[in-house]
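Spelled out, the chains give:
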Amino acid sequence: MKLNDVFAKLEKVAPVALSDEFCKTYKMYDNSGIILNCGNDICGALFSLDFSLNTVSRAQKLGYNLIVTHHPAIYGGISKFDVTCDPQSKALAECFNNGISVVSMHLNFDAAPQGIDYYLMRGLGGEKAEILAPVTGGGYGRLYSVKRQSFSSYFEGVKKEFSSNRALAYGNFDRTVKKVASFCGAGCDERAIEFAYKGGADVFVSSDMKHHEIAALVSMGINVVHLTHYSSENYGFNKIYEGLKGEIGVPCEYFCDGELL
């Protein structure tokens, strides 16, 4: 099976055109699609949220020659390529030297109708949502109702569902939770905060948040769940993998870096 055949199956979940639409509409940048094509027949695919030396090592151990990531293996232009000190350069060199192709599905997988941001909502207890940044069939940033409970109880449930003990919570633990705003990855900014506040959210969930953003939300009476970037997106990427693995046509495995959860 050729790389383009596998890529076509990945695009059935979310075509790269969805990333292009998102970037054009919201003035974003992305680099999704086929990052490295070694031209050989694909014998196995390793799915991993990140492109890293650990990922490449696992693919080599399995004898697989395709890595499918969420975060782009190459995001912007490469200004230097130094395998002596830069892990990303070394990982790319290993792929070049060993015939391992790389596909990255980033913003298109975030914003797909059943993409990473959608699955973050589902894991947090939501079903139907108002979307902050809609695109064809999906979008990014969600506001939705959840089962009524204390924030303390809600936070414990989140840590269990996302298999993460590194999550942090801010605010009043006795406050009742009824409505949640969530944004996978590094999704907190002024627009997201305004969206949550005007929508009546009791809890704001995202990652990579700055202190002043957390403080602003708490001062507005909105509790905060601060997930690791990895756990906020690994959850949905794994859900996509589970739906895809039987359709790819070659052996597949999912790699999870527990040190980052």
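Keep in mind the model is a prediction, meaning the values are calculated, not measured. (Residues numbered from 1 in each chain as written. Predicted model: local features only at pLDDT ≥ 70, side-chain atom pairs only at ≥ 80, totals over all residues. Heavy atoms only, no water.)

Moving on, we come to the overall build of the chain. Summing up its helical and strand segments, the chain has 10 helices and 11 strands in all. Taken over the C-alpha trace, the chain has a radius of gyration of 19 Å; the compact-globule value for 261 residues is 18 Å, and the two agree within 12%. Projected onto the principal axes, the alpha-carbon positions of the chain cover approximately 55 × 35 × 35 Å. Considering only contacts in the chain between residues 6 or more positions apart, those separated by 24 or more positions represent 68%. If you sum the accessible surface of the chain, you get close to 12000 Å²; carbon and sulfur atoms cover 49% of it. Separation between the mean location of the 25 positive side-chain charges and that of the 29 negative ones in the chain comes to 5 Å. (Helix = DSSP H or I, 4+ residues; strand = E, 2+ residues; numbered from the N terminus. Rg over C-alpha atoms; globule rule 2.2 N^0.38 Å. Contact = heavy atoms within 4.5 Å. Areas by Shrake-Rupley, 256 points an atom, 1.4 Å probe, with all protein chains shown as cover. Lys, Arg positive; Asp, Glu negative; His and termini not counted. Charge placed at Lys NZ, Arg CZ, Asp CG, Glu CD.)

Here the focus is the sheet that holds strand 10 (residues 223-227). Strand order in this open sheet of 6 strands is 5-6-8-9-10-7, and the pairing throughout is mixed. The sheet is open, and its two edges are formed by strand 5 (130-135) and strand 7 (168-170), each paired on a single side. The average angle at which neighbouring strand axes cross in this sheet is 20°, direction not considered. Here 3 bridges tie strand 8 (residues 176-182) to strand 9 (residues 203-207), and the two strands are oriented parallel to one another. Bridging across to strand 9, Ser182 finds its partner in Val205. Sheet strands in contact with helix 6 (residues 116-123) are strand 6 (138-150), strand 8 and strand 10, and its direction is about 5° off that of strand 6. (Pairing = 2+ DSSP bridges. Axes fitted to C-alpha atoms, helices over the stretch in contact; angles between N-to-C directions.)

This next bit is on the pairing of strand 6. Looking at chain direction, strand 5 and strand 6 are connected through 5 bridges and run antiparallel. When the bridges of strand 6 are listed, Pro134 appears paired with Gly139. Hairpin connection between strand 5 and strand 6: a loop of 2 residues separates the two successive antiparallel strands, and Gly137 in this loop has a positive phi of roughly 80°. With 6 bridges connecting them, strand 6 and strand 8 associate as antiparallel partners. Bridging from a neighbouring strand, Tyr144 pairs with Val180 of strand 8.

On to the packing of aromatic side chains. For the structure on display, the rule yields 15 aromatic pairs. Judged by centre distance (5.0 Å) and plane angle (55°), the rings of Phe47 and Tyr241 are tilted. Note that Phe47 is positioned in strand 2 (residues 45-48) and Tyr241 in helix 10 (residues 229-244), a separation of 194 residues in sequence. Looking at Phe47, the relative accessible area reads 1%, which means it is buried. With a relative accessible area of 5%, Tyr241 lands in the buried category. When the centroid spacing of 5.3 Å and the interplanar angle of 45° are considered together, the rings of Tyr241 and Tyr254 count as tilted. Of this pair, Tyr241 sits in helix 10 while Tyr254 sits in strand 11 (residues 252-255); the two residues are 13 residues apart in sequence, bridging distant segments of the chain. Given the relative accessible area of 16%, Tyr254 is considered buried. (Phe/Tyr/Trp six-rings, centres within 6.5 Å; stacked < 30°, edge-to-face > 60°. Buried < 20%, exposed > 50% of the residue type's maximum accessible area, 1.4 Å probe, protein only.)

On to the pattern of salt bridges. Summed over the entire model, instances satisfying the criterion amount to 7 salt bridges. Among the ionic pairs, Glu156 bridges to Lys159, the shortest N-O distance being 3.2 Å. Highlighted residues: Glu156 and Lys159, both in helix 7 (residues 151-161), separated by 3 residues, approximately one helical turn. Residue Glu156 is classed as partly exposed on the basis of its relative accessible area of 45%. Taking the shortest distance from any N to any O, the salt bridge between Lys198 and Glu194 comes out at 2.8 Å. Taken as a pair, Lys198 and Glu194 lie in helix 8 (residues 190-198) at a separation of 4 residues, close to a single helical turn. Lys198 sits in the exposed class, given a relative accessible area of 66%. (Salt bridge = Lys/Arg side-chain N within 4 Å of Asp/Glu carboxyl O.)

Next up on the list: the nonpolar core. One finds Leu10, Phe47 and Phe204 to be the most contacted residues of the largest nonpolar core, which totals 73 residues. If one sorts the elements of this core by residue count, helix 10 sits on top with 6 residues. Setting aside anything within four residues of it in sequence, one finds Phe47 in contact with Leu10, Val68, Phe237, Tyr241, Leu244, Ile248, Cys252, Glu253, Tyr254 and Phe255. (Core = buried A, V, L, I, M, F, W, Y, C linked by side-chain atoms within 4.5 Å.)

Let us look at helix 3 (residues 53-62). Looking only at helix 3, the buried set comprises Thr55, Val56 and Ala59. All buried residues of helix 3 fall inside an arc of 95° around its axis, so they share one side. The inward-facing, buried residues of helix 3 contact strand 2, strand 3 (66-69), helix 4 (87-98) and strand 11. Looking one or two residues past helix 3, Gly63 carries a phi angle of roughly 80°, positive in sign. (Arc of directions from axis to C-beta.)

Just distances and angles here, no functional claims.
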